[in-house]
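Geometric and topological summary
One letter stands for each residue in the lines below.
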Amino acid sequence: MLGNNNPYASFGATLARDEEQNLWSTPHDVTHTEADDDRVLYNMIVGRSQLDKDSEEWQKLNYDIYTLRQTRKEVRSRWKHILEDLGFQKEADSLLSVTKLSIISDSQNMGKARDILLKLSEETNIFPTSWQLSERYLFVVDRLIALDAADEFFKMASVVYPKRASVERVDEKQVSAGMA
């Protein structure tokens, strides 16, 4: 009998398969939810799987997938940093965990959560410039509202990740200061 009884023989293949199915930024992340940005990433992964691995198109898609995942990791890290600074060291990961089973705690908070999320995207750099708002963070903001911490989160995000003035504004201020 030459059968392979090694239980770890297919471990690498399993990890690779899990990585392909993972729709969030880290392998084995069971907290993913199916939102628009998930579908974009999923479509990219499916498109890449249909291409020849040596092709330029495959390499470009692979880079785009990697970049999107890294961006998601960075955004999550920024949120976690602020949550920890607000005293949620032990709860940060669970506050950021969103699954298909996640629900909005109070439907009356939905509008406020959406407003705060928009305000975060417009008035801070907690999200990259090209970032499309993720439904995942709507659930997180809802949780912060329920904990009466949403306004503090926004204030902290404004300080830690302030929106940078555009080049035109900086030039205008320099011109105005020179004229005074």
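To keep things clear, this report deals only with the structure shown in the data block. (Residues numbered from 1 in each chain as written. Predicted model: local features only at pLDDT ≥ 70, side-chain atom pairs only at ≥ 80, totals over all residues. Heavy atoms only, no water.)

1. Overview of the pattern of salt bridges
Applicable threshold: Here a salt bridge means any side-chain nitrogen of Lys or Arg lying within 4 Å of a carboxyl oxygen belonging to Asp or Glu. We count a stretch as a helix when DSSP gives it H or I for four or more residues in a row; a strand needs E for two or more, and each element gets its number in order from the N terminus. Per-residue accessibility, obtained with a 1.4 Å probe over protein chains only, is compared with the maximum for each type, and a residue is labelled buried under 20%, exposed over 50%, and partly exposed between these values.
Summed over all chains, the structure comprises 5 salt bridges. For Asp64, the salt bridge identified is with Lys60, shortest N-O distance 2.9 Å. In this pair, Asp64 and Lys60 are both assigned in helix α3 (residues 56-85), 4 residues apart and thus about one turn of the helix distant. You can call Lys60 exposed: its relative accessible area is 53%. Salt bridges linked by common partners bring Arg76, Lys80 and Asp93 together as one network.

2. Description of unusual backbone geometry
Of note, the phi angle at Asp148 is positive, near 55°, even though the residue is not glycine. As for its position among the elements, Asp148 is in the loop between α6 (135-146) and α7 (150-160). Exposure remark for Asp148: the relative accessible area of 72% places this residue in the exposed category.

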